[in-house]
Amino acid sequence: MKIGEKVVSYFESSDSPVDKEGYLFKKGDIRPSYHKRWFVLKGNLLFYKDHPDDRDLIGVIVLEGCTVQLCESEEQFAFSLVWSELGLRPYKFAAEDQAGQESWIKALLSANHGYLSLLVMDLEKKYKETLEALFIDPANGGATPNADRQLSPQLSTLTRNSAGAVAAGPIPSSITTLKTPAAPLKSTVRRSPKLWPKRTANVTPITGPCPPTGDWSAVCSGNWEEFSKLHDDFGKEVKDLIADWSRSKRTSQVTLNENLIDLSGFE
Amino acid sequence: MFLTTPLDTVVVVFSVGNDRGCGECAAVVLNSKLLRSVMRFNEKEMVHLSRQPSEMVAELGMRGPKKGDVVKRRLVKLVVNFLFYFKTDEEEPIGALLLEQCRVEKEDNLTFTIAFLEDAERKYLFVCDSEEQCGKWIDSIIRASYEFMRRNLIFYRTEIHRLTGKDPLEQYGISDEARFQVTNGLQHTPRDASSM
């Protein structure tokens, strides 16, 4: 079977990232002695040559279908690549020290194509879940279990960075608990998002761009310097609400021994 | 005649005769590195790999990269980042192409090429039975590359970190691995959150 040697060689010498490289002793294919070689691990390919600067490769080992094991050997810090198929003999190596042995074993164990493939699929899924959690309104769309965990101060950075294109739909109510900017800045009347009329969630398709909507774009065009002002405005709003509530409570109560809030200023 | 040579050289001695029967000796010294020009690879394991199940297996027309190569019917099989090709009824593949550092292009509705970057002329050509099949093969080959997967991983890692403030690789204990590093310092630090 031919392997397209030039292509393999080219890949080794190219600028593509090297996952690990270093000297290892490799047990000969025919003779039992160990030879010191320079190994380069890129993806699922383990290349080897005499010296790091050599242009010519001695060989390559494709790391698919194998596992890595510590092995019995006269050599110290030995390990081997083992295939499960009958008739495929192990490849034996020895590192120069224990740290080398450990790091090589670790690197070789996760070098196979399937490992990276699964990892990428996992992250792709997490990425999509993150987007969904950020742009679906739980008030309309039902509980999004990831919402609380995923939201962060980065949210406003996200919406500001998407040059003009902003998140669709009203802000999930959980965001307000994190005190991110949530009230329109343009108008003189600052209303908390809880008072906004509910509307159907404009769910952003994961792959599509975020369509802009009126109120939201006003909210998100705010900047950090104004946040403390927003915070104060919110605070005032909350105080006003407490005041209204206390007033109405007072009229219905016969006696009030202790009042934690000093309402005299609000009369 | 005595010659001393370093251990990695091969000496070939032959005699050059003339019509009078007297020989003269000539010696040709070859560096053994020339003899080691064929790169070794774990062929048995590769044959074993070529037998693994794959979603992308089909009979396609295939033409090699050399001048004078013609289109031949081959069984083409994509396994991890290798494209194996077999003569239709044979168990062992004729060869394997490593799908890294290569460019896959659509040639026309039924045809695509794979060019290996070391030589833009070194193109393999494949002829499919339908446009849909052609598109599927192009897509699958691009996605099979280890380098393509690595770039995707770095993208998702960066984005998730940017959106959530958390590095998704931390839970697996692999955040520090060199191969997953965000290459141009794109790891976003959160904006100043002191006002929070």
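Residues numbered from 1 in each chain as written. Chains lettered and ligands numbered in written order. Predicted model: local features only at pLDDT ≥ 70, side-chain atom pairs only at ≥ 80, totals over all residues. Heavy atoms only, no water.

S.K.: Looking at this structure, I do not really get unusual backbone geometry. What am I missing?
M.R.: Negative phi values dominate among residues other than glycine, just as trans dominates among peptide bonds. Even without glycine at this site, Phe77 of chain A takes up a positive phi of about 55°. Tracing the chain through its elements places Phe77 of chain A in the loop between strand 5 (66-70) and strand 6 (78-83). Notably, Gln101 of chain B is not glycine yet its phi reads approximately 55°, a positive angle. Within the secondary structure, Gln101 of chain B is located in the loop between strand 7 (95-98) and strand 8 (102-108). (Helix = DSSP H or I, 4+ residues; strand = E, 2+ residues; numbered from the N terminus.)

S.K.: I would appreciate a short explanation of the interface of chain A and chain B in the present structure.
M.R.: With 65 residues of chain A in contact, the opposing surface of chain B contributes 60 residues. Overall, the association of chain A and chain B removes approximately 6,000 Å² of surface from exposure, summing both partners, and the carbon and sulfur fraction of that is 64%. One can count one salt bridge joining chain A with chain B. Across the salt bridge formed by Arg150 of chain B and Asp19 of chain A, the nearest N and O atoms sit 2.9 Å from each other. Elements represented by at least two residues in the side of chain A that touches chain B include exactly helix 1 (5-13), strand 3 (45-49), strand 4 (59-62), helix 3 (113-135), helix 5 (147-150) and helix 6 (154-161) of chain A. Broken down by class, the residue content of the side of chain A that touches chain B amounts to 31 nonpolar, 18 polar and 16 charged. Where strand 4 of chain A meets strand 3 (residues 40-41) of chain B, two bridges bridge the pair, whose relative direction is parallel. Within the sheet, the bridge partner assigned to Gly59 of chain A lies in strand 3 of chain B and is Arg40 of chain B. (Contact = heavy atoms within 4.5 Å. Buried area = accessible area lost by both parts, 1.4 Å probe. Salt bridge = Lys/Arg side-chain N within 4 Å of Asp/Glu carboxyl O. Nonpolar A, V, L, I, M, F, W, Y, C, P; charged D, E, K, R; others polar. Pairing = 2+ DSSP bridges.)

S.K.: Teacher, can you tell me more about the nonpolar core here?
M.R.: Counting residues in each nonpolar core, the largest one holds 46 residues, and the members touching the most others are Met46, Phe82, Leu83, Phe84, Phe112, Phe126 and Trp137 of chain B. Each residue touching Phe126 of chain B, except ones within four places of it in the same chain, is listed here: Leu60, Gly61, Met62, Val76, Leu83, Leu97, Leu110, Thr111, Phe112 and Ile114 of chain B. Phe79, Trp83, Ala95 and Leu108 of chain A belong to the second largest nonpolar core, which has 22 residues in total. (Core = buried A, V, L, I, M, F, W, Y, C linked by side-chain atoms within 4.5 Å. Buried < 20%, exposed > 50% of the residue type's maximum accessible area, 1.4 Å probe, protein only.)

S.K.: I would appreciate a short explanation of the confidence of the model for chain A in the present structure.
M.R.: Low-pLDDT portions of the prediction should not be read for the details of their coordinates. All names here are of chain A. With 51% of its residues at a pLDDT of at least 70, chain A reaches an overall mean of 69. Scored below 50 in pLDDT, residues 140-226 shows 143 contacts in the model against residues more than four places distant or in partner chains. Below a pLDDT of 50 lies the segment residues 254-260, which in the model reaches one contact outside its immediate sequence neighbourhood of four places, other chains included. (pLDDT = per-residue confidence, 0-100.)

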